Each structure stands twice: as structure tokens, then as C-alpha cells.
Amino acid sequence: MKIGIVSCFNEGEANSEYTKVIYEEFIRQGHDVEILRLPFSVFGNNSPSMRKRADAIIGEIGKKIPHFDYISIQYEFLLYGYNFSDVQRRVLYLLQQCNEKNFSVTFHRIDLNKKIKKRKWYKQLFNNKVLPTADEITLAILDEINRKQGLAIVHTLRDKEKILAFNPQLKVFAHPLNYKRQEDVAKLKKSFSKKQYMEKKGIRLSASDKIIGVIGSFVRVKDYTTVIKALNYLPENYHLFIFGGQHKLEISMEPKGSSYIQEILSLVSSLKLNKRAHFMGFQQSSEDMLNAYLFCDYVVLPYIECGEMASAAAGNALELNSNVFASRNHCFEEWKKFTGEAFYSFDMGNYMELAEKIQSMHDKKNISQQRVAYLEQYSISKNIQHYLDLLD
């Protein structure tokens, strides 16, 4: 089957990484796959010349779409521009080029207010133009998917329910974010050497030391301060490794460096944790990121509520590490509808609860069993096969 994937690619962020994963899995299943790329350097720039260039790229992609047997469109607002009318026009144009029943749209974020009874419009004050709202764009996309009998893909059961409330006849598939086949994870673990990794990175620890990891860019919603405070309540042999750097979208906003990173550094110093908190920096490759998960004894996702529907870090963590701790925000509570009690939960910001659970590892046997059951039920290969089965 000839498959086209509309998305960003090799951009070093979550959507790009997920696109790489499904691209490789389609190839692995014997399909001929092409990335129809949305370069962030163009679509992330709202200047008139770049908006014109973005429209030209969309036009080029649109001409190619009818020649594929299946089109996978990855959708998140910023992938298609910053201007609301541009985004709606571009996505609807691509959908109009798709052959009936042979396409899907993966929503990496759903903007839908259940209280909306009809389409709403508003004025964007800085230029006084009437533009569609984010809700309007989502509804228009869903209407077009329904009209052409395509497939909508989401990553939470709640988002599936939202969509069906507006389009009861629409074909919707919900699955968690998955990145690896478990046979591949087994090979990675077998080939990974903690000793060699430490030598390569210049890490000096004793055999009795415990390694806590947080993985991802420094953004406030990830609330790394909670883990640092938890470290202060753990024995001296517990160490925190932070794998991440300033988020690339914030570099232009804070060209002298991240103020959040400075707050983190100040907290580490004030708690006198300098020798137990280790900053590993931005991970340059997928391999570096995977090795970070394998290196840690525990992986913590301390995020506060941020309105996201799924987490790439969480998906990777649970596939690669058996000791995952996640805060009780809406995203991770929704995730539990798929995973069951496959990871440890703690209240957002409650560093004492987190420290206690890391040290006690209560109910470890049950959590391990539910993790195994989850990984047997959900995988990237099974998800991809479901897409194709549902489109038949």
C-alpha cells in the first residue's frame, strides 16, 4: 500500500517524533511510505512571505494526495500556522483532496467545548478580521472527515466521547500514545550497559545509589520543582538526573536563557542538593532519549494541569521503565483508562507523597502485572493495524 503522512518531521519535538514512529512502523509492515512534510521553519513563521510559502507547500501536498492509497494527517493547530483562518483553510483543502474512506486525521489536541450549540465567530482585535475559533476549526475538520467517511484518531476516551457528541456517526478510534514494540524494547535493554553509559557521560555513582529521572524540556507545566523538593526528603543515596534544556519555542522569548531554569538552579542550591541533582542537558537524538529512560531506576512525570490530552514522555516512560510516577492531572488520569494501575500516582505538587512512594514502592507486584497487561494490549504495531482495518 502506498501511504502518505502529512506532518512535521525531524524537528526535534513530540509530533515529529511520533511521525517518525508511525513512518517506521508502516514501513516495517511492508508499505511504501512518504512524509508530506510541514516544515516548522515555514509554518511557524507568520510573516506574509512565509504564509505565502506555506500555502504553496499545502498546494504541492494537495496535488500528491490523490495518488496515495491511504493518507494519515497529523493535526495540531501550530503544525499548520499561527493564523486561525490559514489553519482552517489549509487543513480543509487537504481533506478535500483525500479519496473517500482512505484517510485518517490524528488529533494531538482537541479543542471542543461541549456547551457549544452552533458555530461561533469572533473578531481578532489586532487586525479586526473575523476569524474562526479553535472550536470552529475542529468542528469543520470533523464535518469534513464525516462527509468523506474518513477516520478520526484520538489519544483519550474522553476526546472520543467529545467528538461523538457532535458527530455520532463519525468513525473514531482512541488509543494511547505508543512508540515501541516490546520485542524492540527487550533488545534495547539487552544491549544497554549502565556502566558504559556512565563512563560515556562522566557519571560517578556507587552501586547502592538510586537514580530518579525527569526527561523533557524545562517548561513550567512540567513542575520539576516538585521532584527536587521530593529529593530533599529521600536518603542521600537517591540522585536526580534531569535530561532536558530550554524549549526551542522559548529561546526567542528568553534569548538570555530560561528564567525557569534559573529558578530550578536556585532551588537546588537553597536545599543544598548540588551533589545529588545532575543536569544532563538537551538530548540530541532519539537514541540519547531512549538511553536516558533505560538509565533511570525511576522516571517521574510531575506535571501540573496543562490542558494536554496525551504525553509522549509518559508513553515512552511506561514502555521503557517499570517504575513510573505520574501526577494526578487530567492527562494522566485519562491515561489510566487505558493503563489501569500500571504506574504510581501522586497529587500534583505533593513532594512528600512522591518521596514516600519512591522509597516504599508499595504494591509493586500489582503495578508490574498491570503494566505487563497494558503493554500486551497496546502497541504501535497494533495501533497501525487498527487504522487500516477500520478504513476497510
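This text follows the structure it describes.
Just so it is clear, the model here is predicted, and its values are computed rather than measured. (Residues numbered from 1 in each chain as written. Predicted model: local features only at pLDDT ≥ 70, side-chain atom pairs only at ≥ 80, totals over all residues. Heavy atoms only, no water.)

Now for helix α3 (residues 48-64). With 17 residues, α3 should reach 24 Å at 1.5 Å per residue; the first-to-last C-alpha distance of 25 Å fits that figure. Those residues of α3 that fall on the buried side of the exposure criterion are A54, I57, I58, G59, I61 and G62. In the core, the buried residues of α3 are packed alongside β1 (2-7), β2 (32-37), α2 (40-43) and α4 (84-97). (Helix = DSSP H or I, 4+ residues; strand = E, 2+ residues; numbered from the N terminus. Expected span 1.5 Å × (residues − 1). Buried < 20%, exposed > 50% of the residue type's maximum accessible area, 1.4 Å probe, protein only. Contact = heavy atoms within 4.5 Å.)

Before going further, it helps to spend a moment on a nonpolar patch on the surface. A contiguous nonpolar surface patch, about 230 Å² in accessible area, is contributed by L78, Y82 and L249. On the secondary structure map, L249 appears in helix α10 (residues 248-251). Look at L249 and you get partly exposed, because its relative accessible area is 33%. (Patch = residues over 30% accessible without salt bridge, like charges linked within 9 Å, V, L, I, M, F, W, Y side chains within 5 Å. Areas by Shrake-Rupley, 256 points an atom, 1.4 Å probe, with all protein chains shown as cover. Salt bridge = Lys/Arg side-chain N within 4 Å of Asp/Glu carboxyl O.)

The subject of this paragraph is unusual backbone geometry. Residues apart from glycine generally show negative phi values, whereas peptide bonds are mostly found in trans. The backbone of M361 shows a phi angle near 50 degrees, a positive value even though the residue is not glycine. Along the chain, the position of M361 falls in the loop between α15 (351-360) and α16 (364-377). Overall, M361 belongs to the buried group, its relative accessible area being 17%. Backbone geometry at D363 places phi at a positive 55 degrees, although glycine is not the residue there. Note on placement: D363 falls in the loop between α15 and α16.

A separate point is the packing of helix α13 (residues 312-320) against helix α14 (residues 330-339). Orientation of α13 relative to α14, taken along the N-to-C sense of each, is 40 degrees, at an axis distance of 12 Å. Relative to α14, the element α13 is oriented oblique. Two packed elements cross with a definite hand, and for α13 against α14 that hand is right-handed. Of the residues in α14, those in contact with A314, G315 and L318 of α13 are F332, W335 and T339. When its residues are assigned to classes, the contact of α13 with α14 shows 4 nonpolar, 2 polar and no charged. (Axes fitted to C-alpha atoms, helices over the stretch in contact; angles between N-to-C directions. Parallel < 35°, antiparallel > 145°, perpendicular 65-115°, else oblique. Left-handed = near helix turned anticlockwise from the far one by under 90°. Nonpolar A, V, L, I, M, F, W, Y, C, P; charged D, E, K, R; others polar.)

What follows concerns the packing of helix α9 (residues 224-231) against α15. With their axes 8 Å apart at the nearest point, α9 and α15 run at an angle of 60 degrees to one another. Classified by the angle their axes make, α9 and α15 are oblique. Classified by chirality, the crossing of α15 by α9 is right-handed. On α15, the residues touching T226, V227, K229 and A230 of α9 are Y351, L354 and A355. Its residues assigned to classes, the contact of α9 with α15 shows 5 nonpolar, 1 polar and 1 charged.

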